[in-house]
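One-letter residues, chain by chain:
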Amino acid sequence: MGKKSSKIGAVAVIGGGITGVQASLDLADMGFKVYLIEKTPAIGGIMAKLDKTFPTNDCSMCILSPKLVDCGRHENIEIITNTEVQGIEGKPGNLFVNALKKPRYVDLELCTSCGDCAEACPISLPNEFDHGFSERKAIYKYYPQAIPNAYIIDKEFSLDRLVNLMDESKQTKENLNNFKLNNIDFIVVDNISNLITPTTKEVNTKRSIIIPG
Ligand code: SF4
C-alpha cells in the first residue's frame, strides 16, 4: 500500500538521483504533491551504478533500492522519466515547468518486466548504463532494479544504426511530447554528480598516480 497524506502544495524535483529521490520522499511525506522528473528511463542516478559507498562500505543498492520502491509506491509522488526540463517560468509559489518527454513505446501499466521481448529482440546495442562495457537489446530495462519497473524501446538508436527505413527526424519529432507543469510552489534540483574518467599522468614526484582527467 502506498503512503497517504493530504496535499499541501506542489513541488517539482528535477533529477532522480539519490538526492532527488530522498527529497521527493521527505516532501511527499510532508504532504506535498511531488513531480519527480528524470531524463533517463529510470530513477536511481549514479548511486545505482555503484558497488559500495564511502566511508562505511555499505552496499549501494541495499540503501537505494528500498527508497526507489517507496518512491514508486508513494501516492504523492509522480515519477516522470525520459523527460528533460526545457525551462521554468513564474515565481516561487506559482512556477511553471516546461518539459520535453521522449516516448517509451511500452505501456508502464501493462509491462510486467518479464523480459520475453528482450530475449526475442535480435538487435544488440552498447549499454549506456554500463558505459558501453556491456550490451543491451533495442528493447531493454535500464537496469535490473529500475523504477519504473518497465522496459523501453530505443527506436532512435535502432533506426539510426540498423533499419534506416523511415525518416528518422520526422519519427523523432512526432513522438516527442512537450508538456507543462502548472502551479508549482517550488523546485528542488538534484544535479551535482557526474562520473569522471580516471587517467594516468606523470606528476613531479616521478611517480605515476591516478588523477581525475
Ligand atoms: S514489454 Fe517486454 S518485459 Fe514488458 S511485458 Fe511485454 S514482453 Fe514482458
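Residues numbered from 1 in each chain as written. Predicted model: local features only at pLDDT ≥ 70, side-chain atom pairs only at ≥ 80, totals over all residues.

## Examining the overall build of the protein chain
We count it as follows: For the purposes of this entry, the term helix denotes a DSSP run of H or I that reaches at least four residues, the term strand denotes a run of E that reaches at least two, and both are numbered from the N terminus. Using C-beta atoms placed from the backbone, we call a residue buried if 20 or more other C-beta atoms fall within 10 Å of its own, exposed if 12 or fewer do, and partly exposed for counts in between. By the convention adopted here, residues make contact when the C-beta atoms placed from their backbones lie within 7 Å.
Across its full length, the protein chain holds 5 helices and 15 strands. The proportion of buried residues among the 213 residues of the protein chain is 26%. Intrachain contacts of the protein chain at a sequence separation of at least 6 include 61% that bridge at least 24 residues.

## Re the nonpolar core
Rules: By definition, a nonpolar core groups buried Ala, Val, Leu, Ile, Met, Phe, Trp, Tyr and Cys residues that are joined through C-beta atoms within 7 Å. As used throughout, domain bounds are those supplied by an automatic or database domain assignment.
Core analysis: the largest hydrophobic core is formed by 31 residues, its most contacted members being Val34, Leu36 and Cys71. If you list the elements that add at least two residues to this core, you get β1 (9-14), α1 (18-30), β2 (32-37), α2 (60-73), β5 (77-80) and β7 (94-101). Composition of this core by domain shows at least three residues from each of domain 1 (1-102 + 177-191) and domain 2 (103-175). Not counting residues up to four positions away in its chain, the partners in contact with leucine 36 are Val13, Gly16, Gly20, Ser24, Ile43, Cys71, Ile77, Glu78, Ile79 and Ile80. If you look at the next biggest cluster of nonpolar residues, it comprises 6 residues, including Ala138, Tyr140, Ala150 and Ile152.

## Comments concerning α2
In plain terms, the rule: Multiplying 1.5 Å by the helix residue count minus one yields the expected span of that helix.
For α2, with 14 residues, the first-to-last C-alpha span of 21 Å sits near the 20 Å given by 1.5 Å per residue. Buried positions along α2 lie against α1, β2 and β5.

## Concerning the sheet that holds strand β13 (residues 186-189)
To summarise the sheet geometry, strands pair through backbone hydrogen bonds and adopt either a parallel or an antiparallel arrangement. Put simply, the test is: A pair of strands is considered paired only if DSSP assigns at least 2 bridges between the two. Axis lines are fitted through C-alpha atoms, for helices just across the contact stretch, and the angle between N-to-C directions can take any value from 0 to 180 degrees.
Pairing in this open sheet of 4 strands is parallel, and the strands run β5-β2-β1-β13 from one edge to the other. Looking at which strands have only one partner, the edges of the open sheet turn out to be β5 and β13. Along the sheet, successive strands turn relative to each other by an average axial angle of 20°, direction set aside. With 4 bridges joining them, β1 and β13 adopt parallel strand pairing. The partner of valine 11 across the bridge, within β13, is phenylalanine 186.

## Considering the sheet that holds strand β12 (residues 177-184)
Spatially, the 3 strands line up as an open sheet ordered β6-β7-β12, and their pairing is antiparallel. Two strands lie at the open edges of the sheet, namely β6 (83-91) and β12, each paired on one side alone. Across the sheet, the axes of successive neighbouring strands diverge by a mean angle of 20°, strand direction being ignored. Bridging between β6 and β7 involves 8 bridges; their strand directions are antiparallel. What sits directly across from glutamate 84, in β7, is leucine 100.

## What to know about the site of the ligand
The condition is simple: Contact assignment follows one rule, namely that a residue is near a molecule or strand if its backbone-placed C-beta atom lies within 6 Å of it. Classification convention: Asp, Glu, Lys, Arg as charged; Ala, Val, Leu, Ile, Met, Phe, Trp, Tyr, Cys, Pro as nonpolar; all other residues, Gly among them, as polar.
Residues in contact with the ligand, as listed here, are Val106, Cys111, Thr112, Ser113, Cys114, Gly115, Asp116, Cys117 and Tyr151. Tallied by class, residues from the shell around the ligand come to 5 nonpolar, 3 polar and 1 charged.

## Some thoughts on the confidence of the model for the protein chain
The condition that has to hold: On a range of 0 to 100, pLDDT expresses the predictor's confidence in each residue.
On average, residues of the protein chain score 84 in pLDDT, and 77% of them reach the 70 mark or higher. Low confidence marks residues 163-174, where pLDDT is under 50. Its contacts with residues over four positions away, or in another chain, come to 10 contacts. Within the model, the stretch residues 202-213 combines pLDDT values under 50 with 11 contacts to residues more than four positions away or in other chains.

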